[in-house]
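Spelled out from the first residue to the last, the chains are:
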Amino acid sequence: MIANHSISDVRVDFPSLDQIVKVLLLEDYNTRVVVLGVMALGVASGIIGTFLLLRKRALTADALSHATLPGIAVAFMVAVSFGGSGKSMVWLLLGAFVFGCIGVLCILAIRHTTRLKDDAAIGIVLSVLFGLGLCLLKIATELPGGSAAGLQGFIFGKAASMVASDARTMLFVAVGVLLVTGMLRKEFTLLCFDETFSTSQGWPVIKLDMVLMAMVAIVTVIALQSVGLVLAVAMLIIPAASARYWAKSIMSILFLSAIIGCLSGWLGATVSALIPRMPTGPIIVLLCGFWFVVSFVFGTNNGIVVTQIQRAKLNRRVGMQHILRAMWEVSEENASSTFRVDEIIRLRSWKKLAVLQLLARAEKRNYVTRLPNGDWMMTTGGSIEARRVVRNHRLWETYLIHFADIAPSHVDRDADTIEHVLGKDLVERLEHLLDSSYDLQSPHPVGERA
Amino acid sequence: MNWTEIDTWIVIIGALCAAGCAVPGTILVLRRMSLMGDAISHTVLPGIAIAFLVTGSRDPLAMLIGAVVVGLLTAFLVQAIQSLGKIDVGASMGIVFTVLFAFGLVLMRQAIDHVDIDPDCVLNGAIEFAWFDQNPDGWGIPRGAIVNGVMLVANLFFMLLFYKEFKITAFDPALAKSQGINPGFMHYMLMTMTAATAVAAFETVGSILVVAMFIVPPATAYLLTERYGVLVALSLGVGVLAAGLGHLSAITVPTWFGFSGTTTAGAMAVASGGLFVFAWALSPSQGLLVRFLHKQRTHAHILAEDVLGIFWRVEERSQSFVQTGDLPSALGVSSRVLKKALHQLLKQGEIIQCTTHLELSQSGRMRATKLVRSHRLWEVYLDKHYPQDANQLHHSASRLEHITTEEMQSNLGDENTDPHGSPVPSDVEE
Amino acid sequence: MPIEAGHSETSPVSIHDLTVAYHRKPVLWDVDLDIPEGKLVAVVGPNGAGKSTLIKAILDIVPRASGEVLLYGKPFKKQRKLVAYVPQRESVDWDFPIDALGVVLMGRYSTIGWCKPTGKKDKLLAMDALERVGMSEYAHRQINQLSGGQQQRVFLARALAQDSTIYFMDEPFASVDAATERAIIQVLSDLREKGKTVVVVHHDLQTVPEYFDHVIMLNMRVVAHGPVEDVFTNDNLKKTYGGRLTLLSEAADRLAKNKVLG
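Everything quoted here is computed from the prediction, not taken from an experiment.

Student: How should the overall build of chain A be read in this particular structure?
Tutor: Summing up its helical and strand segments, chain A has 18 helices and three strands in all. Put simply, chain A has 450 residues, and 54% of those count as buried. Within chain A, residue pairs in contact and separated by at least 24 positions form 70% of the contacts whose partners lie at least 6 positions apart.

What follows is the structure in structure tokens.
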């Protein structure tokens, strides 16, 4: 049958237009189930993952998801020994949830009763419980129906095995997470930002923490089927981490993170439905990773491009102010507005090339002109600007001497950095303050106000 | 149980692997980077897959190089994302290794027709079949044993070569830097060791056992010793023991319940976890049991001293005898606990049973005198330096009297009366 | 022994027999004092003397090994609404995605109660608090873009937004700029005028007489407490900061080893 394009289909190499349309319009039943399910998962994990990330518990969640494996095996064995089929998703997921919580409690117990730190506690719980899970799983396959139950599918996820009721559970959980987070947004924010303060305010910090981790466990458990437990943590932290590069408030991070999670889920399910041998879980995680790289590089908030541009701009401004000040100081000494490059170099121990570059930039701005004999001369505009910069600088020096206990020999460096973040209004206030109440005793004479 | 040569080889391979992992593992645990071991052992997978796709063969050297390169890339990316992207290290690790692992899974799925590694093998390894994988000229030694053995020797070699440097960077990176040891170099060397160990071990025992062996034996050893050299040796021992116990229980425990057996790699991980729990509970220096017993003993010791103190004070105040019926409420303990304490004191000969009552023996009186002396001297000391009301002084002194050494007592001064006006008994010589 | 002895119903904070231990090593021993109402109270003492711990133990943030704390004669749990707290600035991650106003609004959360969003009134109160520390123009600035002193003022504003009766501040003056220091002093004197009680962990001995009415001199135990002019003497300072405490800290080490506490 041509219409049956299940996720695990590996026959065709490239999808035809017809197939693409079918997948996009969710005409196929299997595709519909998987796409809706992982989209719901994306929303839920994006939202609770934001708080998980802010609480700095990313890897605790990883241990939690690994710890679910013995729970699945135990639940299966219990169900079978009570005569059940062992395939009932509810019981498997309940077992997973219980063991996930046990894993988190073990981490806490190790951290509080030994001198091992968080990282070792997480690593121990993660590897030992997962090893236990593998052992139990092997045993479970010997039980009747064990090999057919597809328990192995929980490790790397097996989206193709999802049925409508699974997708419904995922939807239900997503709505639940949305509701609880919506209600406890304020409380979670406080918990993540300032635990000490929230304790002092009487918030039940431990209980809130438990609610948060329980929600993480629930989301992890519903992620088992589609992305698998090894990669479940990715769904929790990557959308949230990506969202942080664009948004500044918790609300917008939550919103964006949910969108990124949802989008990755949808795209991943679609791609894996269309292209052969593309496992759904890893594809979704790779897409999340793609969004992360895009956000990390281009994000408006701490993205590396923006940060580098800002840094370059600041460096340029600082450089310009330095060269202006140097020119002013040299011409103060010379009592003339012309100077030579080596005079500047002597003053600041700069590299010659750097000075020439700065001068070229200053020339572009008409602060200096080059004289025919190779000397430089400040223009009127340049000397106005230089005077302003020097005045700012010396005001700050004075300010620091008077207000803070900093020895004059240390003044210059501090003044250099503070000056560049000074706004115009602040400088005016400072001038007023200094003029009215203090004798101006800068190490250098204070430049006349332009 | 039917133990064969194959089982022996499985344990040998597991033990070599565990010992090899424990060497870099000690430093990872001490430097609080255990999870770097976890992350790197996950990213072995894409490394192998890439090496396979690039070379088109299963050449072990190519795979080793591929995995080490991707392992180092992981370490680098984790650091870069953490510092450039202002994310905490846990999240950065989680992002890097999951994405790389997902990438590896996709690659493997694409190459699945050409290469006989599958995801299950990634987790479980194939230690059960390692014996069959022998080089023609291998003198009957399985390849897994050679690979893991070479890795163990290499790790030990580097560990001994840079013993000082590793030790100092593990305990105090800042000090290491001031001593001219480049922490960056040491970090990436450790990461290289970790990645190489992970890839060597991975094929035979699977990635889960690798993670367990990196972290659990050193963590167990860490609960047993304070010294670095001992820590390394113990980690090796715990790893080897876990390998033996693991395989043994894998082939025996399930048979008790009518199953045929279970996966050895998983069982080795569980065995190491069992050893960890063992150390956690029973470590002679910091185990839960020792701490519990010590607490019990301290409580009993304090109670006994308090009882002696009461006997002494009653003797001091009057010539009447201690009414043992009043003691429980005076000391705030149940009569059962008190009975036990009295019994203990009788046995030690600190108090003696007279016809109608109990009284202090000679040695008991000496001990009580010391105690009361400490108590009253502490009251004097505290009153002098931290003036507070009288009840407060008594309360503080009753806690301090039990922990006063001879030396402390001699520093407390030599007053004759305490702030309440009671005489300070003079020191007794034994 | 009557535990309640000497407790005052009118004292905003009365501490009785308070002992706090970290990892079984006592950091505060048998602290017993009443803090007077409507005063600015400095808590001074050397590093490791338990200054911050004292505040944290009063506010139930660290567990007490023994002793009790009463606020106006009732246990802290019943009197939480009366208390505002300014933690040390380093105790939080300032890269957290929130603006200054958002942090100040946190001071209103316990008044608002579970699950309810912040209202207009709360925002006005928060803005007012920011105004009082001279930070209203930075209300919508991300907190990671504020200077250290400005961050401290945001914390102060959060406490003001709580509109409480007793204020606890943990080293508010630690490495702040002059403008912030002046803002804090202004706030402190405002609070005193309104009859509030303010307890401040303070590290700068020189400014104690200038800023505070009352001083608690602490070094594991209370060395002295009372009005600044009475107890802030060279003699007491020597006792607090001098080397006479070896016996007590030796005892603390032995206690930790013997696990006598808890």
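Moving on, there is more to tell.
Student: Please explain the environment of Trp350 of chain A as it appears in this structure.
Tutor: Structurally, Trp350 of chain A is set in the loop between helix H14 (341-348) and helix H15 (352-364). Every residue in contact with Trp350 of chain A, bar those within four places of it in the chain, is listed here: His322, Ile323, Ala326, Ile344, Ile345, Val355 and Leu358 of chain A.

Student: How should I be thinking about the packing of helix H9 (residues 183-222) of chain B against helix H10 (residues 228-256) of chain B in this particular structure?
Tutor: Two quantities define a packed helix pair, namely the angle between the helix axes and the distance between the axes. All names here are of chain B. Contact pair H9 / H10: the axes reach a minimum separation of 8 Å and the direction vectors enclose 125 degrees. One way to sum up the angle between H9 and H10 is to call them oblique. Note on packing geometry: the crossing formed by H9 with H10 is right-handed. Residues Met213, Pro217, Pro218, Thr220, Ala221 and Tyr222 of H9 pack against Leu231, Leu234, Ser235, Val238, Gly239 and Ala242 of H10. Partitioning the contact of H9 with H10 into residue classes produces nine nonpolar, three polar and no charged.

Student: Help me understand the packing of aromatic side chains, please; the structure alone is not making it clear to me.
Tutor: A ring pair, where both rings are aromatic, is described by two values, the distance of the centres and the angle of the planes. Taken as a whole and judged by the stated rule, the model has 18 aromatic pairs over all chains. One aromatic cluster is present, built from ring pairs that chain together Phe193 of chain A together with Trp94, Phe96 and Phe155 of chain C. Above the ring of Tyr109 of chain C, the side-chain terminus of Lys186 of chain A is found at 5.6 Å from the ring centroid. Lying across the ring of Phe197 of chain A, Arg158 of chain C places its NZ or CZ 3.5 Å from the centre.

Student: When you look at the domain arrangement of chain A in this model, what are you seeing that I'm missing?
Tutor: Accessible area lost when the parts come together is the quantity often used to give the size of an interface. Residues and elements named next belong to chain A. The domain architecture assigned to chain A consists of domain 1 (17-300) and domain 2 (303-450). Taken together, the contacts link seven residues of domain 1 with four residues of domain 2. The junction of domain 1 with domain 2 conceals about 400 Å² of combined surface from both sides, 67% of it contributed by carbon and sulfur atoms. Summed over the shared surface of domain 1 and domain 2, the number is zero salt bridges. The tally of links from domain 1 across to domain 2 stands at four residue pairs in polar contact (both at pLDDT 80 or more).

Student: Help me understand the side chain of Asn236 of chain C, please; the structure alone is not making it clear to me.
Tutor: Residue and element names in this part refer to chain C. Here Asn236 lies in helix H9 (residues 234-241). On the basis of relative accessibility, which here comes to 13%, the residue Asn236 falls in the buried class. There is a polar contact of 2.8 Å between the side chain of Asn236 and the backbone oxygen of Val231. Discounting residues that sit within four places of it in the chain, Asn236 has contacts with Met217, Val223, Ala224 and Val231.

Student: I tried to follow the interface of chain A and chain B on my own but got confused; where do I start?
Tutor: Each partner contributes to the interface: chain A provides 56 residues, whereas chain B provides 62 residues. Of the roughly 5,000 Å² buried at the junction of chain A and chain B (both faces included), carbon and sulfur atoms supply 73%. Taken together, the connections running from chain A to chain B amount to one salt bridge. One salt bridge in this structure joins Glu226 of chain B and Arg115 of chain A, with 3.7 Å as the shortest N-O distance.

Student: What's the story with the interface of chain C and chain B in this structure? I'm lost.
Tutor: Listed by partner, the interface residues are 29 residues for chain C and 27 residues for chain B. Both faces considered, chain C and chain B share a buried interface measuring about 2,600 Å² in area, 56% of it formed by carbon and sulfur atoms. Where chain C touches chain B, the interface holds zero salt bridges. At the level of secondary structure, the elements contributing two or more residues to the side of chain C that touches chain B comprise strand S1 (13-22), strand S2 (25-35), strand S10 (221-227) and helix H10 (246-258) of chain C. Examining the composition of the side of chain C that touches chain B, we find that eight residues originate from one element, H10 of chain C, more than from any other.

Parameters and conventions
Residues numbered from 1 in each chain as written. Chains lettered and ligands numbered in written order. Predicted model: local features only at pLDDT ≥ 70, side-chain atom pairs only at ≥ 80, totals over all residues. Heavy atoms only, no water. Helix = DSSP H or I, 4+ residues; strand = E, 2+ residues; numbered from the N terminus. Buried < 20%, exposed > 50% of the residue type's maximum accessible area, 1.4 Å probe, protein only. Contact = heavy atoms within 4.5 Å. Axes fitted to C-alpha atoms, helices over the stretch in contact; angles between N-to-C directions. Parallel < 35°, antiparallel > 145°, perpendicular 65-115°, else oblique. Left-handed = near helix turned anticlockwise from the far one by under 90°. Nonpolar A, V, L, I, M, F, W, Y, C, P; charged D, E, K, R; others polar. Phe/Tyr/Trp six-rings, centres within 6.5 Å; stacked < 30°, edge-to-face > 60°. Lys NZ or Arg CZ within 6 Å of the ring centre and 35° of its normal. Domains from an automatic or database assignment. Buried area = accessible area lost by both parts, 1.4 Å probe. Salt bridge = Lys/Arg side-chain N within 4 Å of Asp/Glu carboxyl O. Polar contact = N/O pair within 3.5 Å; in protein donor to acceptor, adjacent residues only side chain to side chain.

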